[in-house]
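Secondary and tertiary structure notes
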Amino acid sequence: VRRVVAMLQDMQHKITEEGKKDKALYDKFMCQCDTGKATLKASVADATTKIPRLESDIEKGSAEKTQLAQDIAQAKIDRVSAEAAVAEALALRTKEASAFEKSSAESSTNIASLGKAVAALSKGLEGSFLQTPVASALRKMLPDADLSDADRDSLSVFLQGQQGDEEEVPSSTMEILGIIKTMKEDMEKDLQEATTAENESKKQYEALMDAKNKEIAALKSAVETKTARLGDAGIELVDAADDLEDSRNILKEDSAFLQTLESDCGTRGGEWDKIVKTRGDELIALADTIKVLNDDDALDLFKKAIPASSFIQVQYSSKDVLDQARRALEGGKGHDFRLDLISLAMRGKKVNFDKVVGMLDQMVTLLKEEQTDDDSKKAYCTKELDAADDLKKNLERTESQITTAIAEGKEVMKALFVDIESLTAGIKDLDHKVVEATQLRKEENANYKQDLAANTAAQELLNIAKNRLMKFYNPAGYKPAPKVELAAADRIVVNLGGDAPATPAPGGIAGTGVRASFVQVKRETKQEYSPKTKESGGVIAMIDLLIQDLAKEMTEMKTGEKDAQGDYEHFMSDSANKRETDSKSLSTKEATKAGAEESLLKNEADHKANAKELKGNMEIIMGLHQECDWLLANFDVRVKARSDEVESLNRAKAVLSGADFSFLQTVAMTRHLRRVSRH
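All of these numbers come straight from a predicted model, not from anything done at the bench.

Basis of the calculations
- Residues numbered from 1 in each chain as written.
- Predicted model: local features only at pLDDT ≥ 70, side-chain atom pairs only at ≥ 80, totals over all residues.
- Heavy atoms only, no water.
- Helix = DSSP H or I, 4+ residues; strand = E, 2+ residues; numbered from the N terminus.
- Buried < 20%, exposed > 50% of the residue type's maximum accessible area, 1.4 Å probe, protein only.
- Contact = heavy atoms within 4.5 Å.
- Phe/Tyr/Trp six-rings, centres within 6.5 Å; stacked < 30°, edge-to-face > 60°.
- Disulfide = S-S within 2.5 Å.
- Arc of directions from axis to C-beta.
- Patch = residues over 30% accessible without salt bridge, like charges linked within 9 Å, V, L, I, M, F, W, Y side chains within 5 Å.
- Areas by Shrake-Rupley, 256 points an atom, 1.4 Å probe, with all protein chains shown as cover.
- Salt bridge = Lys/Arg side-chain N within 4 Å of Asp/Glu carboxyl O.
- Lys, Arg positive; Asp, Glu negative; His and termini not counted.
- Charge placed at Lys NZ, Arg CZ, Asp CG, Glu CD.
- Core = buried A, V, L, I, M, F, W, Y, C linked by side-chain atoms within 4.5 Å.
- pLDDT = per-residue confidence, 0-100.

**What about the overall build of the protein chain?**
Counting secondary structure elements, the protein chain contains twelve helices and zero strands. For the protein chain, the succession of helices and strands along the chain, N to C, is α-α-α-α-α-α-α-α-α-α-α-α. With 679 residues in all, the protein chain has 30% of them scored as buried. Residue pairs in contact within the protein chain that sit at least 24 positions apart in sequence constitute 83% of those at least 6 positions apart.

**Concerning the packing of aromatic side chains**
A full pass over the atoms with the stated rule returns one aromatic pair. Here Y26 and W272 contribute two aromatic rings whose centre-to-centre distance is 4.7 Å and whose plane-to-plane angle is 10°, an arrangement assigned as stacked. With Y26 in helix 1 (residues 2–122) and W272 in helix 5 (residues 173–293), this residue pair connects regions lying 246 residues apart in the sequence. For the pair formed by Y26 and W272, the shared burial category is buried.

**Side note on the state of the cysteines**
Inspection of every chain in the model, using the stated rule, returns one disulfide. Here C381 engages in a disulfide with C628; their sulfurs sit 2.0 Å apart. Taking the sign of the S-S torsion, -70° for the link of C381 and C628, the bridge is left-handed. Taken together, the positions of C381 in helix 9 (residues 353–473) and C628 in helix 11 (residues 533–656) put the pair 247 residues apart, joining distant regions of the chain.

**Looking at helix 3 (residues 133–141)**
For helix 3, the complete set of buried residues consists of V134, A135, L138 and M141. The buried residues of helix 3 occupy an angular sector of 125° when the element is viewed end-on, so they sit on one face.

**Quick notes on the environment of S221**
Structurally, S221 is set in helix 5. In the structure, S221 is positioned 146 residues away from A75 in sequence and 9.7 Å away in space, judged by C-alpha atoms.

**Notes on a negative patch on the surface**
A contiguous patch of negative charge on the surface is contributed by D146, E185, D186, D190 and E193. With respect to the helices and strands, D190 occurs in helix 5. Residue D190 is classed as partly exposed on the basis of its relative accessible area of 46%.

**A look at the side chain of N110**
Looking at the secondary structure, you find N110 in helix 1. In this view, N110 contacts M141 and M187; residues no more than four positions away in its chain are not counted.

**Things to note about the nonpolar core**
L155, I180 and M183 are the most contacted members of the largest nonpolar core, which totals 22 residues. Every element with two or more residues in this core is listed here: helix 1, helix 3, helix 4 (149–161) and helix 5. The element best represented in this core is helix 5, accounting for seven residues. Filtering out sequence-adjacent residues up to four positions away, M183 remains in contact with L114, M141, A145, L147 and L155.

**Some details on the environment of S599**
Positionally, S599 belongs in helix 11. Remark: the alpha-carbon pair of S599 and I406, spanning 193 residues in sequence, is separated by 8.7 Å.

**Re the side chain of D582**
Tracing the sequence through the fold places D582 in helix 11. Look past the residues within four positions of D582 in its chain and what remains in contact with it is L423 and I427.

**A few points about the pattern of salt bridges**
Within the structure shown, the criterion is met by 30 salt bridges. We note a salt bridge from D431 to R579, for which the minimum N-O separation is 2.7 Å. In this pair, D431 is assigned in helix 9 and R579 in helix 11, connecting sequence segments 148 residues apart. Residue classification places D431 among the partly exposed positions, given a relative accessible area of 27%. Its relative accessible area of 35% is what places R579 among the partly exposed residues.

**Points about the confidence of the model for the protein chain**
Of the residues in the protein chain, 76% have a pLDDT of 70 or more, and the chain-wide mean is 77. A low-confidence stretch, residues 162–171 (pLDDT under 50), is modelled with eleven contacts involving residues beyond four sequence positions or located in other chains. Every residue in residues 307–316 scores below 50 in pLDDT, and together they form 16 contacts with partners more than four places removed in sequence or on other chains.

**Some details on the environment of S255**
With respect to the helices and strands, S255 occurs in helix 5. With sequence-adjacent residues up to four places away left out, S255 is seen in contact with V44 and I250.

Next up, the structure:
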């Protein structure tokens, strides 16, 4: 009996240890359930919050993109319209300027001819006047002249009547002279009005060109800025659309997986409760049995009731054998239902031992097949878990590489953006400096020309003043003014016996013909004449000194102007070379930026795909653990249990076939059969 109690205690210990192992596996599985559910719930919540925001961003981005496209198209239309208006204004201004130049030249010629006619007629040269080119010019302008019919007829008769006898001229010279003076005054007035209108037209044209150029520049800048923003908005819209699609897929997949996981975890919890209850009932049965058999009174009773020969091999009747085999198969709780079939076959008055033995053989064969299935399942689980773990490591390594590449790509994009912005600002600043340098060079050149003209005029004026002093104080050193060359018409008048036209008084400063708008001559008060012969020598010497100073200053001005022009040309050449270099560098960096953007987009797409694949791999690993962890943890125990069960079934078969076993052996078989029923 004590050996039986020891066997029962050993069974109790093994069942407890198996319970601890199963509890550890169950806790691990439930931990995975809790962790997986928390992760999936967080993912579902994030996707639920993120999707409306992405939809709103896409709607706003689409509206912004459409508005930008419309703004760019309108700006281009407005720029083309402004450029067309500039071209049209330029053509019209060119046409008006050409017409004014032609009209002004013609009017100036006509006025000059009329002036000569007035001068000739004022001297009484009517007869010779009609044969001069001036008269011919009057005849040509007569049809278009703004005259009354009477004045036109009088002037026409005058211009045509002098071809024969001078007495046939019907109109008096004074009348004709008055008509010509009137024509001259009208033409001068018309020319002045036309000049005023031309100047006003120039101002309006310049104002229009300034406004249009500013408008074109603003439209060009707007097109460039909005085009760049349109590209960025397009990329952002594509990214948002991809993100929205991924978020929807994640929400759908995670929701389904969460539902499945909650169902599986809940089912596993119910199964575990049943396992715990069954194991607890078995332990209680064993404890109760041990308590009964281990009681002191029971031991005393067993000593008196069971003889020592009971543990020696004895022969049993067929009924005893069946009872022992049936009790062994029916012992314990939760045993295999297939053993119930064998137990039922042993009941009744007529039992076919051969049939029961065949059933035992089938049970042994079935247990071996189950062991073969477990061996295959273990090999499958080991292989698949190793493969899934290797794939996980590869995906994690790829994830790290892609993340690094994305970070590096963003840094490259940031650096390129700074470089492009710097180059663009540098080119704009260089263009601004070129414009400033050009404007400064123009101003310097204009000042140079003005100063040179002033110095030249001053030098010429000093020479005239010196010559005038020489005429009075030193006639031998006086240089007379060059003779005035008569015009062709004036030479004809003189050749025909007329007087040469009076030489107009020279204008300019003090009638010297020297003009300088900035020079003012103060009129001296009239004094008594008192020659200063002695002082004149000092004055002339001072004038010579001033002339020399002016010549030296003019030489220095020309040298300075030449150097300034050389520096300007050198600056413009360097600026052009730098702008070309910077423009090429800008184009290269923009191309590099485009390539970097493409690479970054590809890496981000690969990152999403890799993350999705990694998530799928994690789900596969979790499924494999759910499927395989219990089998791998209990594989050796199950192998030993099946081996013991096969041995017990073989012994049962031997009992039923007529073998003679001791009571101890029968009890051992019963224990193994109970294990069969439990597994």
